[in-house]
Amino acid sequence: GDSWGIFPFLCAALCNLPALPALNCSEELGAGQSIQQTYDLTRYLEHQLRTLAGTYLNYLGPPFNEPDFNPPRLARAERVPSATVDLDLWRGLTDNARLAANYRAYSRLLCYLRVLDGQVGTAELRHRLAHFCASLQGLVLSIGGVMSSLGYPLPAGPAGPPGAPPGAHAAPNDFLKKMDDFWLLKELQTWLWRSAKDFNRLKKKVPPAVVTLRLEARGF
Amino acid sequence: DSHIQYERVGADVTMKCGSMDWDAAVTWTANGTDIDESHLNGSYLILKNVDLSQSGQYSCYEGSSWHLKYQTQLRVGTPPKEPVLMCRSNNYPKGFYCSWHLPTPTYIPNYFNISVIHGTKDMVCEKDAVPKNRCHIRYLQLFSTVKYKVTLTVTNALGKNFTTLTFDEFAIVKPDPPESVVAKPVPNNPRRLEVSWQNPSSWPDPESFPLKFFLRYRPLILDQWQHVELSDGTSHTITDAYAGKEYIIQVAAKDNDIGTWSDWSVAVHATPWTEEPKHLTTEAQITETTSASTSSFMAPPTTKICDKGAVVGSGAMAVCWTAGLVVAAYSILFI
């Protein structure tokens, strides 16, 4: 009866998380539901990041782990994509532009984080970073899924940090390297806050989708 | 020749009679009352260890001619203590406001100067006419990673002091409490109360920046609150109220994702519906009435999640972390 309708939805939700075993599902997922999922993912990541950032900044040591550390922005740090945007511009973004900005930002942030992952000292940090990167990858795929279901082309993503292979723009000294890491985490945090708002806006604008119910025998 | 003179509480004040010589014969008055000669040193007026009550107009008259030679307003006060500064965004994403006050009065006029720095940029905080001691700033950019640094300096004739606040854009978001909270009984439902409210009018864009709400309620006779968090909608039906008891209900609001909870709204009172007592005539009729109305006092079932729809047989499915989030929502749809 009607209660079987839940399963295609759950199945598609699982498919969007690459860390979990892929299930054989062919149901179409409405854009409305995947926007909700993407929104939920950003909240989950934001929560995860709080713990990760705390651990990482402690690893960097003072002054990076001081709560009122407020350094000026150095020119080199602007390689990391910034969530900061003019208010009216942000309001006026088309759905496509809004999603593309998120997709591009997280793709690049993921690259930078992976570089970080290869460099950190402690096993605990490596483990946390790896887990976070996996979740972040899930977010990128989720955003991609939303774009596809709405018929938007995926932005051409760079394989690594744009312009040069990792390490080419290496900081000349240890302190500047730590500053880069600090700003990377800050931008990531701000992006996750922004994405929650981006996806709220998208939720309202994209009409609730119809989930196609295909009842197939699965042995449930 | 009249002017104002500011002195600290507890200070020793010496007033000279204008250009008169030290040995001139003069008379001093305070607010029109003659001052005793014991306070004079020649033509100088000496006030030791001044207190607030000594504020007033001091005049000096030449001895014989009673010409007014000098006049001054003495204002006794204190230099300012460190001011109290608060900044808050109750109208996100439009901007934020800062308000301030002194912890203790100085009894003399104070001047406040506020500066707001965002990274390398100086921003102008526009002073509000009402209330005083408040200014507001419009955000030019949203989702900034750079902190805002607000410095408030207070100056008066006896000294100065200052305080600084540094914060992220998201940290100061705190909406005003929900408005127009209304609680009504539900006819024929002795354990229900229908509560509704509105978004605070200061919140400019609830569409893009939705609010979530926290409702708390208790019967007046009990101290312990019950809480409900609501991520959607501006109404809720309480279904477990004690029959016939008056309730006190409040609602708070928060941006869905960032910032802190608002203060509690104004409290509203409501009592669930109770059946009108029928006229007592014969004993038989009373018994009849009681048994007939028993059914209406049964607690109505609280909303149950249909377990049928939530059954997920496979172990692999249980791993899915989103299942928990969506099962509840979707199951209700499929009840």
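Residues numbered from 1 in each chain as written. Chains lettered and ligands numbered in written order. Predicted model: local features only at pLDDT ≥ 70, side-chain atom pairs only at ≥ 80, totals over all residues. Heavy atoms only, no water.

- An unreviewed UniProt entry lists chain B under the name Ciliary neurotrophic factor receptor subunit alpha, with Hippolais icterina given as the organism.
- Note on chain B: under the UniProt heading Subcellular location (unreviewed entry), the record states "Cell membrane". (UniProt positions renumbered as here; feature names shortened; annotations may be inferred.)

- Looking at an unreviewed UniProt entry, one finds chain A named Cardiotrophin-like cytokine factor 1 and attributed to Hippolais icterina.
- The annotation that UniProt attaches to chain A under Function (unreviewed entry) is "In complex with CRLF1, forms a heterodimeric neurotropic cytokine that plays a crucial role during neuronal development. Also stimulates B-cells. Binds to and activates the ILST/gp130 receptor."
- Under the UniProt heading Subcellular location (unreviewed entry), the note attached to chain A is "Secreted".

### Re the overall build of chain B
And then number 1: Counting its secondary structure elements, chain B contains four helices and 24 strands.
And then number 2: The buried share of chain B, reckoned over its 335 residues, is 40%.
And then number 3: For chain B, long-range pairs separated by at least 24 residues make up 61% of all intrachain contacts whose partners lie at least 6 apart in sequence.
And then number 4: About 18,300 Å² of surface is accessible on chain B, with carbon and sulfur atoms providing 52% of the total. (Helix = DSSP H or I, 4+ residues; strand = E, 2+ residues; numbered from the N terminus. Buried < 20%, exposed > 50% of the residue type's maximum accessible area, 1.4 Å probe, protein only. Contact = heavy atoms within 4.5 Å. Areas by Shrake-Rupley, 256 points an atom, 1.4 Å probe, with all protein chains shown as cover.)

### Some points on the domain arrangement of chain B
Residues and elements named next belong to chain B.
And then number 1: Taken as a whole, chain B is organised into domain 1 (3–77), domain 2 (84–167) and domain 3 (179–270).
And then number 2: Here domain 1 and domain 2 have C-alpha centroids that lie 40 Å from each other.
And then number 3: With seven residues of domain 1 at the interface, the matching set in domain 2 holds six residues.
And then number 4: Between domain 1 and domain 2 we count zero salt bridges in total.
And then number 5: The interface formed by domain 1 and domain 2 contains one residue pair in polar contact (both at pLDDT 80 or more).
And then number 6: Taken together, the elements giving at least two residues each to the side of domain 1 that touches domain 2 come down to strand S1 (2–8) and strand S8 (68–77).
And then number 7: Class assignment of the residues belonging to the side of domain 1 that touches domain 2 gives a composition of three nonpolar, one polar and three charged. (Domains from an automatic or database assignment. Salt bridge = Lys/Arg side-chain N within 4 Å of Asp/Glu carboxyl O. Polar contact = N/O pair within 3.5 Å; in protein donor to acceptor, adjacent residues only side chain to side chain. Nonpolar A, V, L, I, M, F, W, Y, C, P; charged D, E, K, R; others polar.)

### Some details on the environment of Thr153(B)
And then number 1: Structurally, Thr153(B) is set in strand S16 (residues 148–156).
And then number 2: Once the C-alpha coordinates of Thr153(B) and Ser115(B) are considered, the two residues, 38 residues apart in sequence, prove to be 8.5 Å apart.

### What to know about the packing of helix H4 (residues 95–117) of chain A against helix H5 (residues 123–149) of chain A
All names here are of chain A.
And then number 1: Where H4 meets H5, the axes come as close as 9 Å, and the angle between the chain directions of the two elements is 160°. Relative to H5, H4 is oriented roughly antiparallel. Note on packing geometry: the crossing formed by H4 with H5 is left-handed.
And then number 2: Among the residues making up the contact of H4 with H5, the classes are represented as 18 nonpolar, five polar and three charged. (Axes fitted to C-alpha atoms, helices over the stretch in contact; angles between N-to-C directions. Parallel < 35°, antiparallel > 145°, perpendicular 65-115°, else oblique. Left-handed = near helix turned anticlockwise from the far one by under 90°.)

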